[in-house]
Amino acid sequence: MKLLKVLVAVLVIAAMAVPVIAEDRLQLSGEMRVRGYLYDTDYTDFGEEDDDSGAWNDQRLRMLGKIAVAEGVSVVFRFDATESDENSSNAVAWGGSQTSAYQYSQRRADIQFDNAYLMVEKNGFTLKAGQQYFGFWGYTGKMMDVIGAGFTGQYKGLTLMHVKRLDENNGNDSFAQPNDGDVSLTGLKYDFKGEGFTLTPMVSYNQSDSAVRGGDRDLLALGLASSIDLGPVLLKGEFNYFDGEDNVGDIKGTQLYLDASMAATTTLRVGLMGFYALGDDEDEQATNNNFDGAVDWTFADWHPESYGHWSVEFVDEFADIYDPLGVNAGVMAAQLYADLQATENTSMKFAAMYFQNEDDEFIDYDGYTLNAGIAYKLAKNTTLSLHANYIKFNVDEVDGESVDADGDTLQAISGIQVAF
């Protein structure tokens, strides 16, 4: 009996000591957010009214960890918890689970790993292998912006990335259940930083041989991102060109983003954004290289039309800033914005955009968006924020005939966020 007590005591001491031993090798950070969401939308489609509204709460716990294995060798991971229904990556409102008792919808939510890769850093060269985020390209993410398993190699300003989303060889099951083709995305960029300016040429190639993913699809993307600091004025922009084909026809895309901003006062920064994309009523208009023919795998989607504290989180957003209604008509748009540091703990963001189609062969429409937001620092690393967004559009003609189609949406997100 005494021996058993001694063994139990030893196990308890060992269990308490393990976290202390591991703490030197493990670095942890993350954030926790709890939010409220509401929206009210009204659509008129060829005379038919379609109205909807809703409100809910959601939450997310995000953890990022880095384990130092040896000098220059580490394992990195990041996961999100309590934001989804079981076996799903879709955010679920409180009590919204359809597969379990409502009160367990958050407790039983799945854990999604965005990152889980090993990293080797030797002699100025960095290799990342495993599931990771393939992005941070330019300002828009249109060249490469996906989560997947693959490889990243970095040396000084040069970065090479390759991610495979579907392999013809299906592992141990390949004999019984083979896939019908590879689906991959490969990219190369070089980041040049000079005195007061940056320049990043980029190229990515999206290749799919899978009939499941929309058939043969090849798309080459060329891009150039740059910024110039002129003292009182900061200029930045990005140009993208796409050229490819699938089993239906040609795929084309030419688009431009420009942004000029300046400090009007010590607490106020104002700016003007411009967007332009060629429409194509004959071929498919490409706006990003993250689409494989069936699914758009974009991870950190870019939505400047909802500029503010929660700019990528709204339910009603553009199909793409370069094709707002998703009808291959391109875009011409301009947006004024302002960032105000009202007090030491209070910041505000405002924006107003006007947009219209570039190609009017098939459709003619225009609209505008309005954004207003405020964030208050409750405590260190603790922020309470509110962001309201309004979208309004009118469709005047389709195929040369006048139509009665318009829509507007008012939506807002409020939340408290803690970073650690």
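Residues numbered from 1 in each chain as written. Predicted model: local features only at pLDDT ≥ 70, side-chain atom pairs only at ≥ 80, totals over all residues. Heavy atoms only, no water.

Colleague: Hey, could you run me through the overall build of the protein in this one?
Modeller: Within the protein one finds 1 helix and 20 strands. Across the 420 residues that make up the protein, the buried fraction comes to 39%. For the protein, the accessible surface area stands at approximately 22,400 Å², while carbon and sulfur atoms represent 58% of it. (Helix = DSSP H or I, 4+ residues; strand = E, 2+ residues; numbered from the N terminus. Buried < 20%, exposed > 50% of the residue type's maximum accessible area, 1.4 Å probe, protein only. Areas by Shrake-Rupley, 256 points an atom, 1.4 Å probe, with all protein chains shown as cover.)

Colleague: Can you walk me through a negative patch on the surface in this structure?
Modeller: Judged by side-chain charge, Asp40, Asp45, Glu49, Asp50, Asp51, Asp52 and Asp404 come together as a negatively charged surface patch. For the negative patch, the elements supplying multiple residues, two or more each, are strand S1 (26-45) and strand S2 (48-70). Take the negative patch: its biggest share by element is 4 residues, from S2. Mapped onto the secondary structure, Asp40 falls in strand S1. (Patch = residues over 30% accessible without salt bridge, like charges linked within 9 Å, V, L, I, M, F, W, Y side chains within 5 Å. Salt bridge = Lys/Arg side-chain N within 4 Å of Asp/Glu carboxyl O. Lys, Arg positive; Asp, Glu negative; His and termini not counted. Charge placed at Lys NZ, Arg CZ, Asp CG, Glu CD.)

Colleague: Honestly, the side chain of Ser261 in this entry has me stumped. Any pointers?
Modeller: On the secondary structure map, Ser261 appears in strand S13 (residues 250-263). Under the relative-accessibility criterion, Ser261 is labelled buried at 8%. Polar contacts involving the side chain of Ser261 include one to the side chain of Arg269, which spans 3.2 Å. Residues in contact with Ser261, not counting those within four places in the same chain, are Pro232, Val233, Leu234, Arg269, Val270, Gly271 and Tyr337. (Polar contact = N/O pair within 3.5 Å; in protein donor to acceptor, adjacent residues only side chain to side chain. Contact = heavy atoms within 4.5 Å.)

Colleague: Sorry, what's going on with the pairing of strand S11 (residues 217-229) here?
Modeller: For a regular strand, side-chain orientation follows a simple rule: the groups alternate between the two sheet faces. Alignment of strand S10 (residues 197-208) against S11, held across 12 bridges, turns out to be antiparallel. From the neighbouring strand, Asn206 faces S11, where its bridge partner is Leu219. Pairing analysis gives 13 bridges linking S11 to strand S12 (residues 233-246), with the strands arranged antiparallel. The residue bridging Ile228 from the neighbouring strand is Leu235, located in S12. A loop of 3 residues connects S11 with S12, the two strands running antiparallel in sequence, and Gly231 in this loop sits at a positive phi of about 90°. (Pairing = 2+ DSSP bridges.)

Colleague: Explanation requested: the environment of Asp281 in the structure shown.
Modeller: Inspection of the secondary structure assignment puts Asp281 in the loop between strand S14 (268-277) and strand S15 (284-285). Take Asp281: its relative accessible area is 44%, and that puts it in the partly exposed class. Between the C-alpha atoms of Asp281 and Gly330, which are 49 residues apart in sequence, the distance is 9.5 Å. What Asp281 contacts, discounting residues up to four positions off in sequence, is Asn328, Asp359 and Glu361.

Colleague: Honestly, the side chain of Gln207 in this entry has me stumped. Any pointers?
Modeller: For Gln207, the location among the structural elements is in strand S10. At 2.5 Å, the side chain of Gln207 and the side chain of Asp209 are in polar contact. Excluding residues that lie within four positions of it along the chain, Gln207 makes contacts with Asp182, Val183, Ser184, Arg217 and Asp218.

Colleague: Looking at this structure, I do not really get the packing of aromatic side chains. What am I missing?
Modeller: Aromatic ring pairs are defined here through the distance separating the ring centres and the angle between the ring planes. Under the defined criterion, the tally for this structure stands at 18 aromatic pairs. Between Phe192 and Phe197, the ring centres sit 5.8 Å apart and the planes meet at 45°, which makes this aromatic pair tilted. Taken together, Tyr139, Tyr257, Phe275, Trp302 and Tyr322 form an aromatic cluster joined through their ring pairs. (Phe/Tyr/Trp six-rings, centres within 6.5 Å; stacked < 30°, edge-to-face > 60°.)

Colleague: Please clarify how the nonpolar core should be interpreted in this entry.
Modeller: Note that soluble globular proteins tend to have their nonpolar side chains buried in a common cluster. Ranked by size, the top nonpolar core spans 23 residues in total, and within it Phe275, Ile321, Tyr322, Phe355 and Val395 carry the most contacts. Put simply, the parts of the chain that give this core at least two residues each are S14, strand S16 (331-341), strand S17 (346-356), strand S18 (363-379) and strand S19 (382-398). By residue number, the principal contributor to this core is S19, which donates 4 residues. Core analysis: the next-biggest nonpolar cluster, separate from the first, contains 15 residues, Met143, Val146, Ala225 and Ile251 among them. (Core = buried A, V, L, I, M, F, W, Y, C linked by side-chain atoms within 4.5 Å.)

Colleague: Where do I start with the pattern of salt bridges in this structure?
Modeller: Counting across every chain of the model gives 14 salt bridges. Put simply, Glu313 and Arg35 hold a salt bridge, and the shortest N to O gap is 3.2 Å. Of this pair, Glu313 sits in the loop between S15 and S16 while Arg35 sits in strand S1, placing them 278 residues apart in sequence. We note a salt bridge from Asp80 to Arg62, for which the minimum N-O separation is 2.7 Å. Here the residue Asp80 occupies a position in strand S3 (residues 73-81), and Arg62 occupies one in strand S2, the gap between them amounting to 18 residues.

Colleague: Whenever I open this one, unusual backbone geometry confuses me. Can you help?
Modeller: Look at Thr82: it is not a glycine, yet its phi comes out positive at around 60°. Position of Thr82 among the secondary structure elements: in the loop between S3 and strand S4 (112-122). The phi dihedral of Asp399 falls on the positive side, at around 55°, and the residue is not glycine. Within the fold, Asp399 resides in the loop between S19 and strand S20 (401-419).

Colleague: Would you mind going over the pairing of S17 with me for this structure?
Modeller: As paired elements, S16 and S17 share 10 bridges and run antiparallel to each other. Its bridge partner being in S17, Asp339 is matched across the sheet by Lys349. The turn joining S17 and S18, which pair antiparallel and follow one another in sequence, is formed by 6 residues.

Colleague: Sorry if this is basic, but what is going on with the environment of Ile111 here?
Modeller: You can see Ile111 is positioned in the loop between S3 and S4. Distance in space between the C-alpha atoms of Ile111 and Phe79 is 6.5 Å, their sequence separation being 32 residues.

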